[in-house]
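# A look at the structure
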Amino acid sequence: MSDSLSTNQLRLEVLPDELFLEIFQYVDPIDLYNIKGLNKRIDSIIKAVKVNIVVEEQEYYDLDYISSFAPTQIIRLEMYSSTPSLNLHEMTELRSLTLNCNYLWQEQSEQIAKIVKISLPRLERLVIDNVTHDLHEPLFDAIFQGEQFPSLTICRLSLTHHYNLKFNKKQLSSTNNTLHCLIIDKWNYFNLDFLLHQLPHLRRFETNFEESCISMIDLVTPHLAIKNLRVTLNDPLYDFEKLLKLTPNLARLRVRGNLGRNSVLNYFQKVAEFLPTLLPLLQCFDCELYCYPFESRESESIIRQLHTFFRKIRCLSGRGRNQCHTTDLELYPFNNKYEESSPRSSFMQPSSTHYYYSDESDDVRYDHDYDEDDEAWVRNEYGNGPNMYWDAESDEWCPLP
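This one's a predicted model, so the numbers in the text were calculated from it and none came from an experiment.

When helices and strands are counted, the chain shows 11 helices and 14 strands. For the chain, with 401 residues in total, the buried portion stands at 51%. Contacts in the chain between residues at least 24 apart in sequence constitute 61% of all its contacts with a sequence separation of at least 6. When the accessible surface of the chain is summed, it comes to about 19,400 Å², and 51% of that surface belongs to carbon and sulfur atoms.

Written out as structure tokens, the structure reads:
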């Protein structure tokens, strides 16, 4: 027995450090913490592992294991729960950071305001949900200049206050030339020119404009770098054409909004006229347009013939006359914010799975692009170690450096 045990020990000892390092990349950081102390060699190998820390909502176990790793070991950090104070400014190897301000203690919120003034040179992806109004100024200043996050390419933000956006336009001394993908739950036309100017190399832009176009949008300088636009419009009947004039080099486009009781056929006829002129490089068109029309369903086949981009459009029926003309949905999203009431009783309608979208106020998201973007940072179940990430510039998956 002792000979067998000794042999097994020897077999374990002869394994190269590189193999241990590869194995540990698939181990939960909590288990890595528990392995520490086994022997000096294992401890030294664990110190070389790049760890991925994800704290889910309502996780009540002891989080002291996080502090057992050197700050420079952590390359991805996602916090969805209240946590002790973290020295984020010391995590200089961070490549992906996700925070939800609803779960941050007051001292942590103050820490974020300080962090955006400290350099995180390798941070490539930043996601902050429920950004409070007091964080607008320091956060936007850091993003729009890019000096603190010189490697940042992907940024996704959701704000708790969408009106009276706060940032220092006059004090920004430089533009951000590295950010390629910006996803923000809501924006306004008044600050659109400023955003496009500060992000000259932006290639993917996703947002929700809740108000209608203002007259000054005609003075906005077109942005020639944006290739992928996903936008929700308050009034797609009148705002769509004006907005597309600002992004003439689009290759991919998705529009969402409400046509109300206007003619759907007339709308798509108009879109079919200006799309080839305004977007000569367009390769992919998707839509999710709600309406409460009085015209017949026969217009669906006519719409498909108006343009090659419209061939995938289908009409999904909701309660009463509620409809959704879409290219990428299979079921009508009942209880969406655009639905109009109808005399028909709701109990006569079959129930359906609820579909929601990232640019709605609801927390649940249906758009799988966002999930894939998050999964790009996960090598395996625990995500310890390098993998693939979505490059907004080349519009493809690339290996993490």
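This paragraph deals with a nonpolar patch on the surface. On the surface, a cluster of nonpolar side chains totalling about 340 Å² of accessible area is made up of Phe-190, Met-216 and Leu-219. By the secondary structure assignment, Met-216 is in the loop between β7 (204–209) and β8 (228–233). By relative accessible area, Met-216 is classed as partly exposed at 37%.

On to the confidence of the model for the chain. Of all residues in the chain, 73% attain a pLDDT of 70 or more, and the chain-wide mean is 79. Residue range residues 343–395 is modelled with pLDDT below 50. Its contacts to residues more than four positions away, or to other chains, number 137 contacts.

What follows concerns the state of the cysteines. Within this structure, the stated rule accounts for zero disulfides. Here Cys-181 stays free of any disulfide, with the sulfur of Cys-155 as its closest cysteine sulfur at 8.8 Å. Distance from the sulfur of Cys-287, which forms no disulfide, to the nearest cysteine sulfur (Cys-324) is 7.6 Å. You can call Cys-287 buried: its relative accessible area is 0%.

Across the sheet, 12 strands lie side by side as β1-β2-β3-β4-β5-β6-β7-β8-β9-β10-β12-β11; this open sheet has mixed pairing. At either end of the open sheet lies a strand with only one pairing partner, and these are β1 (51–55) and β11 (314–317). Taking the axes of each pair of neighbouring strands and ignoring which way they run, one obtains an average angle of 10° across the sheet. Bridging between strand β9 (residues 252–260) and strand β10 (residues 284–291) involves eight bridges; their strand directions are parallel. Residue pairing across strands places Val-255 opposite Cys-287, the latter belonging to β10. Helix α6 (residues 136–145) rests against β4 (125–131), β5 (154–159) and β6 (181–184) of the sheet, and its axis sits at about 160° to β5.

Right, let's get into unusual backbone geometry. Its identity as a non-glycine residue notwithstanding, Asn-130 has a phi of 55°, on the positive side. Looking at the element boundaries, Asn-130 is found in strand β4. We classify Asn-130 as partly exposed; its relative accessible area is 22%. For Asn-335, which is not glycine, the phi dihedral falls at a positive 65°. Turning to its location among the elements, Asn-335 is positioned in the loop between β12 (323–326) and α11 (368–375).

This part covers the pattern of salt bridges. Using the criterion set out here, one finds 13 salt bridges in the structure. For the salt bridge of Glu-93 with Arg-122, the shortest nitrogen-to-oxygen distance reads 2.8 Å. Within this pair, whereas Glu-93 is found in the loop between β2 (74–79) and β3 (96–100), its partner Arg-122 is found in the loop between α5 (106–115) and β4, the two being separated by 29 residues in sequence. Note that Glu-288 is salt-bridged to Arg-254, the shortest N-O span being 2.9 Å. Highlighted residues: Glu-288 in strand β10 and Arg-254 in strand β9, separated in sequence by 34 residues. Residue class for Glu-288 comes out buried when judged on its relative accessible area of 0%. The exposure class of Arg-254 is buried, given its relative accessible area of 8%. Through salt bridges with shared partners, a single ionic network connects Arg-254, Arg-256, Glu-288 and Asp-328.

Right, let's talk about the packing of aromatic side chains for a bit. Evaluated as defined, the whole model comprises 13 aromatic pairs. Ring plane angle 80° and centroid distance 6.4 Å describe the contact between Phe-144 and Trp-187, whose orientation is recorded as edge-to-face. Of this pair, Phe-144 sits in helix α6 while Trp-187 sits in the loop between β6 and α7 (192–198), and the two are 43 residues apart along the sequence. Taken together, a centroid distance of 6.2 Å and an interplanar angle of 80° make the contact between Tyr-290 and Tyr-332 edge-to-face. Taken together, the positions of Tyr-290 in strand β10 and Tyr-332 in the loop between β12 and α11 put the pair 42 residues apart, joining distant regions of the chain. Residue Tyr-332 is classed as buried on the basis of its relative accessible area of 4%. The structure contains a cluster of three or more aromatic residues connected by ring pairs, namely Phe-140, Phe-144, Trp-187 and Phe-194. The ring centre of Phe-69 lies 5.0 Å from the NZ or CZ of Lys-36, which sits over that ring.

On to the packing of helix α8 (residues 236–244) against helix α9 (residues 264–278). Contact pair α8 / α9: the axes reach a minimum separation of 11 Å and the direction vectors enclose 5°. Comparing their axes, α9 and α8 come out roughly parallel. In this structure, α8 contributes Pro-236, Leu-237, Phe-240, Glu-241 and Leu-244 to the contact, and α9 contributes Tyr-267, Lys-270, Val-271, Phe-274, Leu-275 and Leu-278. Class assignment of the residues belonging to the contact of α8 with α9 gives a composition of nine nonpolar, no polar and two charged.

In this structure, Phe-205, Phe-240, Leu-244, Leu-253, Leu-275, Phe-285 and Phe-310 are the most contacted members of the largest nonpolar core, which totals 90 residues. If you tally residues by element for this core, the top one is α9, at nine residues. Sequence-distant contacts of Phe-310, defined by excluding residues within four places in its chain, comprise Phe-268, Val-271, Ala-272, Leu-275, Phe-285, Ile-303 and Arg-304. Counting seven residues, the second-largest nonpolar core is a separate cluster that includes Tyr-290, Leu-329, Tyr-332 and Tyr-338.

Conventions adopted
- Residues numbered from 1 in each chain as written.
- Predicted model: local features only at pLDDT ≥ 70, side-chain atom pairs only at ≥ 80, totals over all residues.
- Heavy atoms only, no water.
- Helix = DSSP H or I, 4+ residues; strand = E, 2+ residues; numbered from the N terminus.
- Buried < 20%, exposed > 50% of the residue type's maximum accessible area, 1.4 Å probe, protein only.
- Contact = heavy atoms within 4.5 Å.
- Areas by Shrake-Rupley, 256 points an atom, 1.4 Å probe, with all protein chains shown as cover.
- Patch = residues over 30% accessible without salt bridge, like charges linked within 9 Å, V, L, I, M, F, W, Y side chains within 5 Å.
- Salt bridge = Lys/Arg side-chain N within 4 Å of Asp/Glu carboxyl O.
- pLDDT = per-residue confidence, 0-100.
- Disulfide = S-S within 2.5 Å.
- Pairing = 2+ DSSP bridges.
- Axes fitted to C-alpha atoms, helices over the stretch in contact; angles between N-to-C directions.
- Phe/Tyr/Trp six-rings, centres within 6.5 Å; stacked < 30°, edge-to-face > 60°.
- Lys NZ or Arg CZ within 6 Å of the ring centre and 35° of its normal.
- Parallel < 35°, antiparallel > 145°, perpendicular 65-115°, else oblique.
- Nonpolar A, V, L, I, M, F, W, Y, C, P; charged D, E, K, R; others polar.
- Core = buried A, V, L, I, M, F, W, Y, C linked by side-chain atoms within 4.5 Å.

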